[in-house]
Amino acid sequence: MKLFRALAVLIIAWFALIGCTQAVTLQVTQGNSTCIKAELSASFSITYNTSSSTRMAQFPLPDSTAVDTGSSSCGTDNSSPWLVAVFGSGHAMGLSFSTNGSLYSVANLTLQYNLSDTSVFPGANSSDVVTVVSSSVGISAFINTTYRCESPTTFSVGGATATFSGTRLEAYMPGNDLSPTESVCVADQVSTTVPLTTTSTTTTSAPAPTPPGTPERGDYSVNNINGTVCLLARMGLQLNVSYFSISQNKTVQELVNLSPNETSVSGSCKASSASLVLSQEQITTLNLTFTLNSTNNKYHLSAITLLANWSDMTAPFWASNTSLDYLRSTLGRSYMCNTEQTLTVVPTFSLNTFRVQVQPFEVTTNQFATAEECLMDQTQMLIPIIVGAALAGLVLIVLIAYLIGRKRSHAGYQTI
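These numbers were taken from a predicted model, which means no experiment stands behind them.

**Q** I tried to follow empty space enclosed by the protein on my own but got confused; where do I start?
**A** The gaps left among the atoms become clear once a water-sized probe is rolled over them. If you walk through the whole model with that rule in mind, you get one cavity of 30 Å³ or more. Of the pockets and cavities examined, the largest cavity occupies roughly 30 Å³. Lining the largest cavity are Ile139, Tyr147, Cys149, Ser151, Thr153, Phe155, Phe164 and Thr167. Mapped by element, the contributors of at least two residues to the lining of the largest cavity are β10 (146-149), β11 (153-157) and β12 (160-171). Looking at the lining of the largest cavity residue by residue, the classes come out as five nonpolar, three polar and no charged.

In structure tokens, the structure reads:
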């Protein structure tokens, strides 16, 4: 009987789990047009306090979830598009979007949960409605394409976590249906193997591309709303991307230089974050995000996103990492590094930088502030100094030894 009850509990739990993974469809409309549409499964984990301990609440986004038409919007010239979904007793999830003209991204993920809902938070010692927000969650895609990510992706939202899976969404839609052209997330690209077709016909593979050499150094700047420069960058950039090549019928690793003369610049500056967006021929978009820590007055490159739609790719390439720590410097100073650096973003994409100088905050008179040099440059400068000092010390030792030897040789003779 106990075994039967245990099996019954497992079966019920299994069906409950299946129900948790059911996808919901959410869309924001304006008139007869749809501007945002999302199909996804989501689950949440939230830590809360009881009178005697700390507990973890885990619950899914139910299939009864509905769009809050009063809070959702297609956006205006002065406001961003918003998708707000409500569920349960006072719970809500919000996605705000932004665009630079060539790509769109989730600017903020907002989660609201009601601690007075005893079915989700039994024994909670508070009845507050808590709202937490996470920015730069790494969801981006080209305009007029659908962002797709079947793999589970977990985002940290304040003291909670949200996990999306089976995700297909699009913002700034030109029509009412999701675009058939998709920007596939890196997790799906890494986990999906492309089958090789074998035939009896002998084919000649296309030659591997010639390495592009050192990229040209470009000058880039971003302006505030009032027209003043708020971000300065001077650097050479090289993309190192692994993707499945149509012409070579295999995964290749290609180096592509960004040409400053063919690159358009956009971005934005806020109190604690600044972004530089570089687009080349509408087929390559690189987004660099800098974050300021107001506690220690240090800033760093915190996120890199690449969207590429090259002719030899089987599908548009998308890669993003929002938890980086590169190009660190002090507020009021610029960061400088002449040494070539490799900034690893994801296993299939890294960014090579050459002769970098960047300042994303407190730019005055449209010029770089005093530079803080990177450790690699300091090490390279230190090596010649150490070698020179060692040689000087060696020469000094030889000279002293010579003088001592000469003095001893003179001491062996007596004056007549």
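**Q** Help me understand the pattern of salt bridges in this model?
**A** When their charged atoms lie close together, side chains carrying opposite charge are able to pair. Evaluated as defined, the whole model comprises five salt bridges. Close ionic contact of Arg148 with Glu182 constitutes a salt bridge, the shortest N to O distance being 2.6 Å. Of the two residues, Arg148 is situated in strand β10 and Glu182 in strand β13 (residues 182-184); the sequence distance between them amounts to 34 residues. A salt bridge links Arg234 to Asp219, with the shortest nitrogen-to-oxygen separation between them at 2.5 Å. Placement of the pair is Arg234 in strand β15 (residues 229-245) and Asp219 in strand β14 (residues 218-223), with a sequence separation of 15 residues.

**Q** Would you mind going over the layout of surface pockets with me for this structure?
**A** There is about 1,100 Å³ of room inside the largest pocket. Forming the walls of the largest pocket are 46 residues, and the residues nearest its centre are Ser98, Ala107, Ser268, Lys270 and Ser275. Put simply, the parts of the chain that give the lining of the largest pocket at least two residues each are β6 (91-99), β7 (103-114), β17 (263-269), β18 (273-280), β19 (284-293) and β20 (298-308). It is β7 that provides the largest number of residues to the lining of the largest pocket, a total of five residues. Here the lining of the largest pocket is composed, by residue class, of 14 nonpolar, 30 polar and two charged.

**Q** Explain the state of the cysteines to me, please; I cannot follow it from the model alone.
**A** In a disulfide, the sulfur atoms of two cysteines are held together by a covalent bond. Going through the model one piece at a time under the given rule, you end up with three disulfides. Each disulfide pairs two cysteine sulfurs, and for Cys230 the partner residue is Cys269, the sulfurs being separated by 2.0 Å. In this structure the cystine formed by Cys230 and Cys269 twists about its S-S bond by roughly 80 degrees; its chirality is therefore right-handed. Highlighted residues: Cys230 in strand β15 and Cys269 in strand β17, separated in sequence by 39 residues. Here Cys337 connects covalently by a disulfide to Cys374, the sulfurs 2.1 Å from one another. On the sign convention where negative is left-handed, the bridge of Cys337 and Cys374, at about 65 degrees about the S-S bond, is right-handed. In this pair, Cys337 is assigned in strand β23 (residues 334-337) and Cys374 in the loop between β26 (371-373) and α3 (375-411), connecting sequence segments 37 residues apart. Across the pair, exposure class does not vary: Cys337 and Cys374 are buried alike.

**Q** What is the right way to read the packing of aromatic side chains from this model?
**A** The way to describe two aromatic rings as a pair is by their centre distance and the angle between their planes. Tallied over the full model, the rule gives ten aromatic pairs. Relative to Phe121, the ring of Tyr48 lies with its centre 5.2 Å away and its plane at 85 degrees, an arrangement referred to as edge-to-face. Remark: Phe121 occurs in the loop between β7 and β8 (129-135) and Tyr48 occurs in strand β2 (residues 33-49); sequence separation between them is 73 residues. A single burial state applies to Tyr48 and to Phe121, both of which are buried. Among the aromatic residues, those joined into a cluster by ring pairs are Phe44, Tyr48, Phe59, Phe87, Tyr113 and Phe121.

**Q** What is the right way to read the nonpolar core from this model?
**A** Ranked by size, the top nonpolar core spans 90 residues in total, and within it Phe164, Leu239, Leu286, Ile304 and Phe349 carry the most contacts. With near-sequence residues (within four places) excluded, Leu239 lies in contact with Glu254, Leu255, Val256, Leu258, Thr284, Leu286, Leu306, Trp310, Phe349, Ser350 and Leu351.

Cut-off values and rules
Numbers given for residues are sequential positions, taken from 1 along each chain in its written order. Only residues with pLDDT of 70 or above have their local features reported here, since the model is predicted, and side-chain atom pairs are shown and tallied only from 80 upward, although totals for entire chains, interfaces and linings are computed over all residues. Values shown for side chains rest on all heavy atoms present in the structure; no hydrogens or waters enter the calculation. Put simply, the grid is 1 Å and covers the protein atoms alone, a cavity is a trapped set of points that fit a 1.4 Å probe, a pocket is an open set with protein on both sides within 12 Å along at least five of seven lines, and lining residues have an atom within 4 Å of a point. Grid points are joined across faces, edges and corners, and a volume is the space filled by probe spheres set on the points. A run of H or I in DSSP counts as a helix once it spans at least four residues, and a run of E counts as a strand once it spans at least two, with each numbered from the N terminus. Three categories are distinguished: nonpolar for Ala, Val, Leu, Ile, Met, Phe, Trp, Tyr, Cys and Pro, charged for Asp, Glu, Lys and Arg, and polar for the others, with Gly belonging to the last. By salt bridge we mean one thing: a side-chain nitrogen of Lys or Arg within 4 Å of a carboxyl oxygen of Asp or Glu. Note that a disulfide, as used here, is simply two cysteine sulfur atoms within 2.5 Å. Think of it in three bands: residues with accessible area under 20% of the maximum for their type are buried, residues over 50% are exposed, and the middle band is partly exposed, with areas taken using a 1.4 Å probe on protein chains only. Ring pairs shown here join Phe, Tyr and Trp side chains whose ring centres sit within 6.5 Å, with only the six-membered ring taken for Trp; geometry is labelled stacked below 30 degrees between planes, edge-to-face above 60, and tilted in between. The criterion is simple. A nonpolar core is a set of buried Ala, Val, Leu, Ile, Met, Phe, Trp, Tyr and Cys residues joined through side-chain atoms within 4.5 Å. Only heavy atoms matter for contacts: two residues are in contact if any of them lie within 4.5 Å across the pair.

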